[in-house]
Amino acid sequence: MVRKTIASIVGARPQFIKSAPVSRALSAHFREVLIHTGQHYDYGMSDIFFEEMQIRPPDFNLGVGGGSHGEQTGKMLIELEKVFADVKPDCVLVYGDTNSTLAGALTAAKNGILLAHVEAGLRSYNRAMPEEVNRVVTDHVSNFLFCPTDAAVQNLAREGIVDGVHRVGDVMYDALFHNLLLARARSQILARLELQKGEYALATVHRAANADNPARMKSILDAFSALSLKVVFPVHPRTRKMIQEWGLSANGNVLFIEPQGYFDILMLQENANCILTDSGGMQKEAYLLGVRCITLTSGGDRMGGDRGSGLEQAGRG
Ligand code: UD1
């Protein structure tokens, strides 16, 4: 029997993590062509995830990283259209809410190819977030909408989307519990950084609302400096660039480190006293690991994807 071809599109860090369990499941039934847009391209933001989770190398890497949102998305559209003409997928599969998601969705829709969206139906109801626009547009052109929670299904219904909607559970849950034992066995990060369980806070900041706003970034760094706990802060390249550009700093309480791979970040999370983050994925992982989490966003920016917090979202997942 000839297998149908699924073209899976990944590009940003969390999408590599999510694609691993889905690719494993797909491999029994479909031919999968893996397309990396190149949105994340540094070793620590991309290759390390492929190595740790033993994801096979992408069949195509479009090399579209950096640039403004429009430029990045536009270049991806141009390159994806060429790949689709070559591969002729029966269905395109996209994850989450990044510019790679949007580009994959639009290219599929414009070329009359079926589109499947994993993590459909999540909403923050804040259209100032680039991710919210990506989510809404992607859902409205999708044929198959794979929702992590009942709340996500309801969000779609409120927008009139009821056909092709499936509540399938949360792929990040699958990824987390598949990798946790491996991470415990392999990660040396606590010893390397001389950290003790429960004696530090883990922080990440990368959302545009924080990383592109000097006043907000300064107040976040000031707060980290003033905490009674040591703060371990793996710094996303965009955040590092902005901190340097604005000449911001923190005191010796804050340990700035490079972005970490999945195993090391899982261990840093599991052993933290608390997690301080604007990442929707890390909010959810904190909940699943039972670690306290403080979300570094203002009300409308919260990324759980429902009205309410990411924790409520994860709780239903
Ligand atoms: C993107 C997603 C965000 C997701 C996050 C996961 C969009 C709109 N945003 O944000 O939803 O939560 O990924 O991490 O798609 N850069 C590097 N090296 C890299 C990757 C990026 O230097 O490996 C630089 C880029 O050149 C750019 C900046 O970091 O200047 C931002 O990268 P970009 O991919 O545009 O958005 P993220 O902030 O990573």
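For every chain, the first residue of the written sequence is number 1, and numbering continues from 1 onward in sequence order. Restriction of local features to residues with pLDDT of at least 70 applies here, the model being predicted, together with a cutoff of 80 or more for giving and counting side-chain atom pairs; totals for whole chains, interfaces and linings are based on all residues. Calculated side-chain values reflect all of the structure's heavy atoms, with hydrogen atoms and water omitted.

Caption draft 1: Geometry of the site of the ligand. Whether a residue is near a molecule or strand depends on its heavy atoms: it is near if one of them lies within 4 Å of it. Around the ligand, a shell composed of 20 residues is seen, among which His40, Tyr41, Asn99, Glu131 and His236 lie nearest. With respect to the ligand, the side chain of tyrosine 41 contributes an N or O atom lying 2.7 Å from an oxygen atom. Here an oxygen atom of the ligand sits 2.7 Å away from a polar atom, N or O, in the side chain of histidine 236. For the ligand, whose accessible area on its own is 750 Å², the fraction buried by protein is 88%. Residues were grouped as follows: Ala, Val, Leu, Ile, Met, Phe, Trp, Tyr, Cys and Pro as nonpolar; Asp, Glu, Lys and Arg as charged; and all remaining residues, including Gly, as polar. Split into classes, the residues belonging to the shell around the ligand amount to 5 nonpolar, 9 polar and 6 charged. Here a polar contact means two N or O atoms within 3.5 Å. Within protein one must be a hydrogen donor candidate and the other an acceptor candidate, and residues neighboring in sequence count only if both atoms are side-chain atoms. The method behind every accessible area is Shrake-Rupley, applied with a 1.4 Å probe, and residues are considered shielded solely by the protein chains displayed.

Caption draft 2: Spotlight on the packing of aromatic side chains. Pairs were defined over the aromatic rings of Phe, Tyr and Trp, the Trp ring being its six-membered one, requiring ring centres within 6.5 Å. Orientation was assigned from the angle between planes: stacked under 30 degrees, edge-to-face over 60, tilted for the rest. Following the criterion strictly, the structure yields 5 aromatic pairs and no others. When the ring of phenylalanine 224 is compared with that of phenylalanine 233, the centres are 5.6 Å apart and the planes differ by 85°; the resulting orientation is edge-to-face. Accessibility classification places phenylalanine 224 together with phenylalanine 233 in one group, the buried group. Summarising the aromatic geometry, the rings of phenylalanine 233 and phenylalanine 256 are spaced 5.6 Å apart at their centres and angled 40° between planes, so their arrangement reads as tilted. Residue phenylalanine 233 is found in strand β9 (residues 230–234), and its partner phenylalanine 256 is found in strand β10 (residues 254–257); the two are separated by 23 residues along the sequence. Residue burial is assigned from relative accessible area. The probe radius is 1.4 Å, only protein chains are included, and a residue is buried under 20% of its type maximum, exposed over 50%, and partly exposed in between. Taking relative accessible area as the criterion, phenylalanine 233 reaches 0% and is therefore assigned buried. Taking the relative accessible area as the measure of exposure, phenylalanine 256 reaches 32% and is therefore partly exposed. Grouped by ring-pair contacts, the aromatic residues Phe16, Phe49 and Phe50 constitute a single cluster. Helix and strand definitions follow DSSP, with helices as H or I runs of at least four residues and strands as E runs of at least two, each counted in order from the N terminus.

Caption draft 3: Geometry of the side chain of aspartate 170. Looking at the element boundaries, aspartate 170 is found in the loop between β7 (165–167) and α7 (171–186). Judged by relative accessible area, aspartate 170 falls into the buried class, the value being 9%. A polar side-chain atom of aspartate 170 sits 2.8 Å from the main-chain amide nitrogen of methionine 172. A distance of 2.8 Å separates a polar atom in the side chain of aspartate 170 from a polar atom in the side chain of lysine 284. When near neighbours in sequence (up to four residues on either side) are disregarded, aspartate 170 contacts Glu119, Pro148 and Lys284. Any pair of residues with heavy atoms lying within 4.5 Å of one another is described as a contacting pair.

Caption draft 4: Representation of helix α4 (residues 99–110) in the model. End to end, α4 covers 16 Å across 12 residues, agreeing with the expected 16 Å (1.5 Å per residue, within 8%). Residues of α4 that are buried: Asn99, Ser100, Thr101, Leu102, Ala103, Gly104, Ala105, Thr107 and Ala108. For α4, the elements touching its buried residues are β1 (5–10), α1 (13–26), α3 (69–87), β4 (91–95), β5 (114–118) and α5 (130–140). Looking at where α4 begins, the residue whose side-chain oxygen comes 3.1 Å from the main-chain nitrogen of serine 100 is threonine 98. Following α4 by one or two positions, glycine 112 adopts a phi angle in the positive range, close to 65°. For a helix, the expected span equals 1.5 Å multiplied by the number of residues minus one.

Caption draft 5: Main features of the packing of α4 against α5. One can describe the packing of α4 onto α5 by two numbers: an axis separation of 9 Å at closest approach and a directional angle of 25°. By the angle between their directions, the pair α4 and α5 is classed as roughly parallel. At the point where α4 passes α5, the crossing takes the left-handed sense. Contacts from Asn99, Thr101, Leu102, Ala105 and Leu106 in α4 reach Asn134, Val137 and Thr138 in α5. Of the residues in the contact of α4 with α5, the class split is 4 nonpolar, 4 polar and no charged. Inter-axis angles, ranging from 0 to 180 degrees, are taken between N-to-C directions of lines fitted to C-alpha atoms, where helices are fitted over the stretch in contact. Angular relationships are summarised with four words: roughly parallel below 35 degrees, roughly antiparallel beyond 145, roughly perpendicular across 65 to 115, and oblique for the angles in between. Handedness of a crossing is defined here by the sense of rotation of the near helix relative to the far one, left-handed for an anticlockwise turn of less than a right angle and right-handed for a clockwise turn.

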